[in-house]
Each structure stands twice: as structure tokens, then as C-alpha cells.
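Each chain, letter by letter, is given below.
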Amino acid sequence: MEKDSKIYLAGDNGLIGSALAGFLKKGGYGNIITKSRRQLDLRRQADVESFFDKERPEYVFLAAARVGGIAANINYPAEFIYDNLAIQTNVINSAYKAGVKKLLFFASACMYPKNCPQPMQESRILSGELEPTNEPYAMAKICGLKMCEAYNRQYKTNFICAVLTNAYGCKDDFQTEDSHVIPALIGKFHRAKISGADSVSVWGSGKPEREFIFADDVAGAAVFLMNTYNDPAPINVGSGRGVSIKELSLIVKEVIGYKGEVVFDSSKPDGIPRKVLDVSKLNTLGFKAGVSLEEGIKKTYETFQSQEEILNSRR
Ligand code: GFB
């Protein structure tokens, strides 16, 4: 990408998109187009086609998606499959028709099989059954990957696919039911500290292992890949460090300074037992995630606290 290239950032209001918007601006990219959901509903084919036809971006980051944690995936399977299929189908096809030079599609580590050997190598996609709690979301993401591959093969497009591990960061959703585990735990431990509660309930057994990457590192990796990676094969984007949910809860507890007990609620789902990506391909190409889990959680908590202060001053 040149600094004045016309770049369309789909999903700029989300966790990844907002980090990307900041990263691109800091990097001197000055010709970025964004559209709010109200201005452009990416599920509407005709609207997406006319937007691309009019704007003709050169580069596209496809970070728009319906996302959520394990409970949201279980409770809204229809939205997770429909919204994601519709958004990515419209954007990828319109990008091809408008002659976009390069597109980066954000896929997900959920695409790997439930019993995948760890760390998960790119070649393992579609090698076994999926984890049932997020199968509709995973199926949609697999279709996005296959659609990019098909267009590259038939139309010689340059549509690349980054397979993203669990991301977190300042623009997260901190409400506990639908959110991912890190923002959920930040919200829970913070409220318990303020109210002086004796214990915090963490879902599941505490045994599942997850890998986390800070949203700013995802943004760095995405720009790096857009500028250097031209292979139709998917590439993993993660930190490469796995932690158990128990270890994670202790890190969040420590950062927040909560003194009570942590109790595991085994009536809640664990999800996939282990999900850690093999990031050797990305690292060998020259990109390494730089923000440690402790550092990222501290930054996220600081943002959460400043948002809480603003909300409290309005109450
Ligand atoms: O982040 P999370 O919802 O998603 O949950 P997944 C990760 C683990 O944290 C699970 C445990 O084992 C949960 O049981 N956990 C403990 C909690 N306490 C909580 C809590 O308060 N809230 C939440 N949410 N979890 C997601 C997919 O799977 O992975 C998404 O469902 C997405 O579609 C994401 O792809 C990357 O890692 O299980």
C-alpha cells in the first residue's frame, strides 16, 4: 500500500477495525474510507455493490463481522451464520467486481477442528469436526476463506486470509453475557471489587486453554500482511502463548486488585478444550506480537475504567 492508496476499512467501529483505523492513521495512510452500519448495511447486496462501484477502493480490510463470546455463539447461531455469510459474500464479490488490488479477510481460529493437534497449523483447517458451540460462526468463516481461494484461482485476485486467535482490547464489549472472556472477566472482577463481593464466578472448569492477542498487535499484523503477504494460503495471526482460563482469571484478578475468591461454575460451557495457533509462519515472515497478556489486560482495564468514569459522571 502507498500512503495515499484508497483503503476501505470495513468494520471500523469494532474491536479490530478501530485498532486498525488508529494504526493506519499513525502510519501515515491518509485515504481511508469508513462507513457506519447505518450508512451502509453490509448484508444488503445491492447497497454494497453500488458503494464499491462508486468508491473503487484499491485495498480492503474486511474486519466487519458478527462476533461474540461463547454464550452469544450458543444463543444466536442464526445471526452468526447469516450475518457473517452475507457480509463477507457481498464484500468479497463486490471487491472483485470493482477491481480491488488486494483484500484481507479476517477469519478465525474457530475454523480449526475441535480435536486439532496443538499448536494448530494452517494445514489442519477442515481436517476434522468443529467445536459445536461456535460451528455456525466457524462455517461462515470457512466459507469466507474458500471464497477468497476460489476468486484467487478463477479471477486471479489477491485476496488473503488471516486466521485470528482470540483478540481483546480497548474497544471490547464489557457486558458479561455476550462478550468474550477477557472483557467479561474485567467487568466481573471490577464490579466485585467495587461492591466488596466475596467471590467472582468464572464460567466452566477453568481448564480450557486459549491464546490471546491484543487488538493493536492484530492491526500491526494486518498491515504487515497487506504489505508483504501475497499467498492464497491462510496465515495464522496470534501471540503463540496459551494460558488456561484459571491462569487468565488470576492475571485479571491481579491487575484489578480484587482480593476475594475465584469460583468456577461448571454448569457453564467450556467450549473447545485447547485453542492455540502455530504462528511460526507469521514469525518467520518477520512479524511478532509485541504486547504481553499482562500488559494488554492492564491497558484494556485502564480504558474500561475511564469509560466507567464517564458513564458514572452522566448518571
Ligand atoms: O472468549 P470465549 O467466550 O470464547 O470463552 P471461546 C473462552 C473460555 O472462557 C471458555 C471461559 O472456556 C469459557 O467458558 N469463561 C470463563 C468465560 N468465564 C467466562 C465469562 O464470564 N464469559 C465468557 N465469555 N467466557 C469463541 C467463539 O470461543 O472464540 C467466538 O465462540 C470467537 O465465535 C472466539 O471465534 C475467538 O474461545 O470459547
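This write-up is about the structure you can find in this document. (Residues numbered from 1 in each chain as written. Predicted model: local features only at pLDDT ≥ 70, side-chain atom pairs only at ≥ 80, totals over all residues. Heavy atoms only, no water.)

**So, the packing of helix α8 (residues 245-256) against helix α10 (residues 293-314)**
Each pair of packed helices can be described by the angle between their axes along with the distance between the axes.
Move 1: Running from N to C, α8 and α10 cross one another at 50°; their axes reach a closest spacing of 10 Å. Overall, the two elements α8 and α10 adopt an arrangement that is oblique. Considering only the axes of α8 and α10, their crossing is right-handed. Together, Leu-248, Ile-251, Val-252, Val-255 and Ile-256 of α8 and Leu-293, Glu-294, Ile-297, Lys-298 and Tyr-301 of α10 make up the contact between the two elements.
Move 2: Along the lines of polarity and charge, the residues of the contact of α8 with α10 split into eight nonpolar, no polar and two charged. (Axes fitted to C-alpha atoms, helices over the stretch in contact; angles between N-to-C directions. Helix = DSSP H or I, 4+ residues; strand = E, 2+ residues; numbered from the N terminus. Parallel < 35°, antiparallel > 145°, perpendicular 65-115°, else oblique. Left-handed = near helix turned anticlockwise from the far one by under 90°. Contact = heavy atoms within 4.5 Å. Nonpolar A, V, L, I, M, F, W, Y, C, P; charged D, E, K, R; others polar.)

**Here we look at the environment of His-180**
Move 1: Among the structural elements, His-180 can be located in the loop between β6 (166-168) and α6 (181-195).
Move 2: Residue classification places His-180 among the partly exposed residues on the basis of a relative accessible area of 26%.
Move 3: For the pair His-180 and Ala-72, spaced 108 residues apart in sequence, the C-alpha separation works out to 8.9 Å.
Move 4: Once residues lying within four places of it in the same chain are set aside, the contact partners of His-180 are Val-67, Gly-68 and Gly-69.
Move 5: Side-chain polar atoms of His-180 contact the backbone oxygen of Gly-68, separated by 2.9 Å. (Buried < 20%, exposed > 50% of the residue type's maximum accessible area, 1.4 Å probe, protein only. Polar contact = N/O pair within 3.5 Å; in protein donor to acceptor, adjacent residues only side chain to side chain.)

**Points about the packing of aromatic side chains**
Move 1: Enumeration over the complete set of coordinates arrives at 13 aromatic pairs.
Move 2: Judged by centre distance (5.7 Å) and plane angle (85°), the rings of Tyr-8 and Phe-52 are edge-to-face. Taken together, the positions of Tyr-8 in strand β1 (residues 7-10) and Phe-52 in helix α2 (residues 45-55) put the pair 44 residues apart, joining distant regions of the chain. In terms of burial, Tyr-8 and Phe-52 fall into one category: buried.
Move 3: Aromatic side chains Phe-51 and Phe-52 sit 5.4 Å apart centroid to centroid with 85° between the ring planes, which places their arrangement in the edge-to-face category.
Move 4: Among the aromatic residues, ring-to-ring pairing joins Tyr-8, Phe-51 and Phe-52 into one connected group.
Move 5: The ring of Tyr-29 has Lys-3 lying over it, and the distance from NZ or CZ to the ring centre is 4.5 Å. (Phe/Tyr/Trp six-rings, centres within 6.5 Å; stacked < 30°, edge-to-face > 60°. Lys NZ or Arg CZ within 6 Å of the ring centre and 35° of its normal.)

**Regarding the side chain of Glu-211**
Move 1: Inspection of the secondary structure puts Glu-211 in strand β8 (residues 209-214).
Move 2: Within the buried set, Glu-211 has no salt-bridge partner at all; the shortest N-O distance to an opposite charge, 8.7 Å, is to Lys-275.
Move 3: For Glu-211, the side chain forms a polar contact with the main-chain nitrogen of Gly-240, separated by 2.5 Å.
Move 4: Apart from residues lying up to four places away in sequence, Glu-211 is in contact with Thr-165, Asn-166, Gly-238, Ser-239, Gly-240, Arg-241, Gly-242, Lys-275, Val-276, Leu-277 and Val-279. (Lys, Arg positive; Asp, Glu negative; His and termini not counted. Salt bridge = Lys/Arg side-chain N within 4 Å of Asp/Glu carboxyl O.)

**Quick notes on the sheet that holds strand β9 (residues 235-237)**
Move 1: With parallel pairing, six strands are arranged side by side in an open sheet as β2-β1-β3-β4-β5-β9. This sheet does not close on itself; its edge strands, each paired only once, are β2 (32-33) and β9.
Move 2: Bridge analysis of strand β5 (residues 159-164) against β9 gives three bridges, and the strand direction is parallel. In the strand pairing of β9, Ala-162 is matched with Ile-235. (Pairing = 2+ DSSP bridges.)

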